[in-house]
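Read off the chains here:
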Amino acid sequence: MSILIIEAFYGGSHKQLVDLLQEELEKCVLCTLPAKKWHWRARTSALYFSQNIPVSKHYRILFASSVLNLTELAALRPDLGKLKKILYFHENQLVYPVKKCQERDFQYGYNQILSCLVADAVVFNSVFNMESFLTSIGKFMKLIPDHRPKDLESIIRPKCQVIYFPIRFPDVSREHDKDPESFFKVLMHLKDLGLNFHVSVLGETFTDVPDIFSESKKALGSSVLHWGYLPSKDDYFHVLCTADVVISTAKHEFFGVAMLEAVYCGCYPLCPKDLVYPEIFPAEYLYSTPEQLSKRLQKFCKRPDIVRKHLYKGEMTPFSWAALHGKFRSLLTTEPREDL
């Protein structure tokens, strides 16, 4: 029996997960596309994979992230459509922030809904991700002018479950949805106040880095310790271990691998009191406004001993591969079907 793993956006946390599954589970076949232009991957990857995945009588399970249009692939490759199909949501397009809402944006969320309908199991990396998707389906489908499908949430929900992302390797991204403007605005305010601090900005760049990054790097000057992607896992964790505080200003986050990795390395987390963060972090690590974040950081700049002596009060174990491998093994097993 073989597990066919398909990843249409092979980078960041998507790469991290499928590499881990391939390493830890037996008889996995991995088919991928590079992590570039995710919009085009979402639109066209199913056709590409339909032409390039070898036919095999040994496949029993298909595991794919929700970037793939699973409905198209199942139709184009009936042999794959017969498999036990598992769809994993790193993020969902029904609540994903966009810079400018355009009519074509509807297709991405619609494709994910269709993929859920043909999947046998739908897995989300957090309760926030799952509930924000399921409870948005009804409103989202009202964008259709007429003859709207009905009861989709009640059809899809019984297939759904949450299995947290299993943390092992580094993963950071630099994209507009992480709201770098707010992050750098707070740092520049600290600098204007004459407070001493150093900053490391680490992250894998896929496409179109916002201008605010280069502008802020220049403005922060000598306060910058590290800037840019570190391909070495050891180097990445070394930088995290030398830091005192890790900050998120994200407008969108469905899990937050990098934040938990930083906390594991001893950083004090500061996260928005929104999105997935209240599900993962205790209340004392959450802030409601940029002003609250700024005040916390001012305090830490003046009294760094506060964070250096602090012991994290949340849980880390539930997000480890050691805790989650049993759930993934159970998910990725099935009895061979007679019609295969």
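One can find the structure itself at the top, above this paragraph.
These numbers were taken from a predicted model, which means no experiment stands behind them.

Chemist: Sorry if this is basic, but what is going on with the sheet that holds strand S1 (residues 2–10) here?
Modeler: Backbone hydrogen bonds are what pair the strands of a sheet, in a parallel or an antiparallel way. As summarised here, the arrangement of the six strands in space is S2-S1-S3-S4-S5-S6, forming an open sheet in which the pairing is parallel. The open sheet has two edge strands with one neighbour each: strand S2 (28–34) and strand S6 (160–162). Sheet twist, expressed as the average angle between the axes of neighbouring strands with direction ignored, equals 20°. Note that strand S5 (residues 121–124) and S6 share three bridges and pair parallel.

Chemist: Sorry, what's going on with the packing of helix H1 (residues 12–24) against helix H16 (residues 321–331) here?
Modeler: At a minimum axis distance of 12 Å, the contact between H1 and H16 shows a crossing angle of 75°. Accordingly, the angle class assigned to the pair H1 and H16 is roughly perpendicular. For the pair H1 and H16, contact is made by Leu17, Leu20, Leu21 and Glu24 and by Trp321, Phe328 and Arg329, respectively. When the residues that make up the contact of H1 with H16 are grouped by side-chain class, the tally is five nonpolar, no polar and two charged.

Chemist: What is the right way to read the nonpolar core from this model?
Modeler: Across soluble globular proteins, nonpolar side chains show a tendency to be buried alongside one another. Ranked by internal contacts, the top residues of the largest apolar core, which has 64 residues, are Leu21, Phe63, Phe255, Tyr277 and Phe281. Tallying contributions element by element places helix H12 (residues 257–264) first for this core, with five residues. With residues up to four places along the chain from it excluded, the contact list for Phe255 reads Asn125, Tyr164, Phe165, Ile167, Leu260, Val276, Ile280 and Phe319. Judged by nonpolar contacts, the second largest core, of 40 residues, contains Ala64, Leu80, Met130 and Ile137.

Chemist: How do you make sense of the sheet that holds strand S11 (residues 286–287) when you look at a structure like this?
Modeler: In space, the three strands of this open sheet follow the order S9-S10-S11, with parallel pairing throughout. The strands lining the two open edges of the sheet, one partner per strand, are strand S9 (245–247) and S11. Here strand S10 (residues 268–272) pairs with S11 via two bridges, running parallel. Counterpart to Cys271 in the pairing with S11 is Leu286. Each of S9, S10 and S11 touches helix H14 (residues 290–302); the most contacted strand, S10, lies at about 165° to it.

Chemist: Help me understand the packing of aromatic side chains, please; the structure alone is not making it clear to me.
Modeler: Think of a pair of aromatic rings as described by two things: how far the centres are apart, and how the planes are tilted against each other in angle. Per the stated rule, a full pass over the model turns up 21 aromatic pairs. Both rings, one in Trp321 and one in Phe328, keep their centres 5.9 Å apart while their planes meet at 35°; by these two values the pair is tilted. Each member of the pair, Trp321 as well as Phe328, carries the same accessibility label: buried. Here a set of aromatic residues connected by ring pairs shows up, and it is made of Tyr268, Tyr277, Phe281, Tyr285, Phe300 and Tyr312. Between Arg43 and the ring centre of Trp40, over which it is positioned, the NZ or CZ distance is 4.6 Å.

What counts and how
- In this convention, every chain numbers its residues from 1, walking through the sequence in written order.
- Confidence filtering applies because this is a predicted model: local features only for residues at pLDDT of at least 70, side-chain atom pairs given and counted only at 80 or more, and all residues used for totals across whole chains, interfaces and linings.
- With hydrogens and water excluded, all non-hydrogen atoms of the structure serve as input to the side-chain values.
- Here, a strand pair is defined by DSSP locating no fewer than two bridges between the strands.
- A run of H or I in DSSP becomes a helix once it reaches four residues, and a run of E becomes a strand once it reaches two; helices and strands are each numbered from the N terminus.
- Whenever a helix is involved, its axis is fitted only over the stretch in contact; in every case the axis is a line through C-alpha atoms, and angles between N-to-C directions fall within 0 to 180 degrees.
- An angle counts as roughly parallel when it lies under 35 degrees, as roughly antiparallel when it exceeds 145, as roughly perpendicular when it falls between 65 and 115, and as oblique in every other case.
- When checking whether two residues touch, look at their non-hydrogen atoms; a contact exists if any pair is within 4.5 Å.
- Under the grouping applied here, Gly and all other residues not named as nonpolar or charged are polar, the nonpolar ones being Ala, Val, Leu, Ile, Met, Phe, Trp, Tyr, Cys and Pro and the charged ones Asp, Glu, Lys and Arg.
- Working definition of a nonpolar core: buried Ala, Val, Leu, Ile, Met, Phe, Trp, Tyr and Cys residues. They are joined through side-chain atoms within 4.5 Å.
- Relative accessibility decides the category of a residue: with a 1.4 Å probe and only protein chains considered, values under 20% of the type maximum give buried, values over 50% give exposed, and everything between is partly exposed.
- Working definition: a ring pair exists when centres of Phe, Tyr or Trp rings (six-membered ring for Trp) sit within 6.5 Å. Plane angles under 30 degrees give stacked, over 60 give edge-to-face, the rest tilted.
- Any Lys NZ or Arg CZ that is within 6 Å of a ring centre and within 35 degrees of that ring's normal is treated as a charge sitting over the ring.

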